Amino acid sequence: MSVLEIVDLHVSVETDQGTKQILRGVNLTINEGEIHAIMGPNGSGKSTLAYTIAGHPKYHVESGSILIDGADVLAMTVDARARAGLFLAMQYPVEIPGVTVTNFLRTAKTAIEGEAPPIRTWIKDVRQAMTNLRMDKTFAERNVNEGFSGGEKKRNEILQLELLKPKFAVLDETDSGLDVDALKIVAEGVNRAKANTGLGLLLITHYTRILRYIHPDFVHVFVNGRIAEQGGPELADRLEDEGYDRFLVPSNVG
Amino acid sequence: MSAASALSKSASKTVPAPSTPDAGSSVLPTGQHGIKEHSDGRFGYVPVQTRSDRFKSVNVVDFEAVTGREAVWKHSPVAKFTDLTAGDLDGSRYDVESTEVAGISVNWVPRSDARIGTAGLPEERAAANAWGAFDEALAITVSGEEAKEITVTRSTLGNSARAAHTIIEAKPFSQATVILHNTGDARLSENVEIILGESANLTVVTLQEWNDSAVHLANHFASVGRDARLKHVVVSLGGSIVRVNPSVRLAGPGSDTLLLGLYFADAGQHLEQQVYVFHDAPKSRSRVNYKGALQGKDAHTVWIGDVLIGSNGAGTDSYEQNRNLVLSEGTRADSIPNLEIETGDIVGAGHASATGRFDDEQLFYLQARGITEEEARRLVVRGFLTEVVQQIGSPELEARLQLAIEAELIGTDDK
């Protein structure tokens, strides 16, 4: 049983105005097979949490720890974290010129598994995953994210999630910018990945609508760099009705 | 030199292009209303208006000393090769290794060979200096309709300033791939003439894998006959300063050219290519695709792509593009496409240039999928350059180039 633990995490970022404190003591434990939704207003630090887990160099961990099955994630390079079983589906996936989706997927799979996947089953797996996500075959030969629409980029993220089979995935506002049809396709992909591999999910979102298709076990409300309230799925319903106003009273970080 | 003498010299030595019929009789370049010599003391400088009107001469003294301000030299470190632009060049025979291939002859021919000067003439001083200095030309003559491939290797040119002249002739209806492989030391200025007869199908690959200190200035002049097809590939990987400038005149109706370039500049390297395609016949077609990667401090690449669709070029189709991938700080990629059209009746004409950076966000994205930094770079560069490698059409050479590109990546990591 895998577990991802985030303990008293403090994170800052350098800005033109100097060092800015963003995370102020985050505690969160995610077990394999659990779905945790992190909801919160803009600027509350949700994406910072996602990128800190993945190891983006822009974010400085001041104190606290992140552990995957007891191993110190913060001591790992970005690629080592991925090989340890972490996955970040990005809000704004980056274009990679000159690298086709096929080439990229095979290279990533090889890196994560430590050996090249058996070619016949791999090609079959890729085709099946693409079909499931209603991705046209031509995607495979296009350069990664180059000229992709917003919805295509998000589907490409979920394609990787399904094929790389991480232990824990952080989905950073995967729902943003998707119309309802694309949202359903992406949500199906996430649910399929969870059913197939039993991964743990950290679902970061501003809105509740994705939670209609991906049902969280736990909902955490993120305000001003820490978890302000947590509960079950019913908390999401309450946020749907009330919004974030009641959390924003004294210290709105904007 | 006074303004008047410079211009009259230009008028008398210029080989007039068919598109400018009165270039020989008029003192000034034609074609643009109101252009005249300035009286403002600019040393008689009148900008060349049409690419085919550039001054040409085989005589080095017809060119003034190179200052580095000239259009053809302004991107090059000219102070580092004054021996080639102004010095005496050794024009003697050199060692050439080549395989025996039926239908291709390789031999030295005298300066009186009728083919010399038929594909093009020098437009700058280093080329003219080489033209005047070579004793004999190396002639590679292709005949026979079956496909064949030859590699001609130079590896012992040495460190003294040299001139060379090469003729590559593809007889009508012949077919071949000619690979010019350059290794070892060199301080070389050379001219290569490529002559394609009717319906010939020729691939010329010039592969620069010189030693680190080598300086190589080359001008390739190609003349492509009726329905003939030239694929010309410049691959520059090794050398200190490598400048290979291909000029292709699509001389016969239905002639076709594909000009490919692949270069990888690492720290301190200067790799330059000035490409010129002249559509001088109807229904001619050209495609130009140069791709380069830069990595390391003061890696510098230059690509200038000139396409001229002459007044004879009705129904032509052309497209040129240059792409550069910048892999580290401190590099410079100059990319300058130019397009001139003298006839309105064309199928297509386009150009594109883009220089992109492999940046930290791309690296993060790839690493977040488990790929190491080193592998990420290799993946991006290999992917970027493969498009050109795959079009060369020689499987053995393609495989070798993939390895050479890998070696470039590893080699530059140490610097």
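In every chain, residue numbers begin from 1 and rise along the written sequence. Working convention: letters from A go to chains and numbers from 1 go to ligands, in the order in which they are written. The predicted nature of this model means local features are confined to residues of pLDDT at least 70 and side-chain atom pairs, given and counted, to a pLDDT of 80 or more, with totals for whole chains, interfaces and linings taken over all residues. Just so you know, side-chain values use all the structure's heavy atoms and leave hydrogens and water out.

*Asks:* Help me understand the overall build of chain A, please; the structure alone is not making it clear to me.
*Replies:* Counting secondary structure elements, chain A contains seven helices and 10 strands. Computation of the radius of gyration draws on C-alpha atoms alone. For the globule rule, the value is 2.2 Å times the number of residues to the power 0.38. A compact globule built from 254 residues should have a C-alpha radius of gyration of about 18 Å, and chain A, at 18 Å, falls within 12% of that. Judged by the C-alpha coordinates and their principal axes, chain A covers about 55 × 40 × 40 Å. Here chain A holds 254 residues, and the buried ones make up 53% of them. We call two residues in contact whenever any of their non-hydrogen atoms come within 4.5 Å of each other. In chain A, once contacts between residues fewer than 6 apart in sequence are set aside, the share between residues at least 24 apart is 72%. The numbering of helices and of strands both runs from the N terminus, where a helix is a DSSP run of H or I of at least 4 residues and a strand a run of E of at least 2. Relative accessibility decides the category of a residue: with a 1.4 Å probe and only protein chains considered, values under 20% of the type maximum give buried, values over 50% give exposed, and everything between is partly exposed.

*Asks:* Looking at this structure, how should I read the layout of surface pockets?
*Replies:* Residue and element names in this part refer to chain A. Of the grid points, spaced at 1 Å and generated over the protein atoms alone, those admitting a 1.4 Å probe that cannot get out make up cavities, while open sets with protein on both sides within 12 Å along at least five of seven lines make up pockets; any residue with an atom within 4 Å of a point is treated as lining. Grid points are joined across faces, edges and corners, and a volume is the space filled by probe spheres set on the points. Its boundaries defined by the atoms lining it, the second largest pocket holds a volume of some 510 Å³. Of all elements in the fold, only strand E1 (3-15), strand E2 (18-31) and helix H1 (46-54) reach the threshold of two or more residues within the lining of the second largest pocket. We call Asp, Glu, Lys and Arg charged. Ala, Val, Leu, Ile, Met, Phe, Trp, Tyr, Cys and Pro are nonpolar, and the rest, Gly among them, are polar. Counted by class, the lining of the second largest pocket contains nine nonpolar, 12 polar and eight charged residues.

*Asks:* Looking at this structure, I do not really get the interface of chain A and chain B. What am I missing?
*Replies:* Accessible area lost when the parts come together is the quantity often used to give the size of an interface. With 32 residues of chain A at the interface, the matching set in chain B holds 16 residues. Taken together, the two surfaces of chain A and chain B that pack against each other cover about 1900 Å², and 69% of this comes from carbon and sulfur. Any carboxyl oxygen of Asp or Glu within 4 Å of a side-chain nitrogen of Lys or Arg constitutes a salt bridge here. Counting across the chain A and chain B interface gives one salt bridge. The term polar contact refers here to a pair of N or O atoms within 3.5 Å; inside protein, the definition further demands a hydrogen-donor-capable atom paired with an acceptor-capable atom, and it admits residues adjacent in sequence only when both atoms are side-chain atoms. The interface formed by chain A and chain B includes 10 residue pairs in polar contact (both at pLDDT 80 or more). Within the residue set of the side of chain A that touches chain B, elements represented by two or more residues are H1, helix H2 (78-83), strand E6 (86-89), helix H3 (101-113) and helix H5 (150-164) of chain A. Throughout, the accessible surface (probe 1.4 Å) given up by two parts as they are put together, summed over both, is called the buried area.

*Asks:* Before we go on, may I ask you to explain the sheet that holds strand E5 (residues 71-72) of chain A in this structure?
*Replies:* Strand pairing within a sheet occurs via backbone hydrogen bonds; the two strands may be parallel or antiparallel. All names here are of chain A. In this description, strands pair whenever DSSP reports at least two bridges between them. In spatial order, the strands read E2-E1-E4-E5; together these four strands make up an open sheet with antiparallel pairing. Looking along the sheet, the strands with just one partner apiece sit at the ends: E2 and E5. Sheet analysis places E1 next to strand E4 (residues 59-68), joined by eight bridges and oriented antiparallel. By the bridge assignment, Ile6 is partnered in E4 with Ile66.

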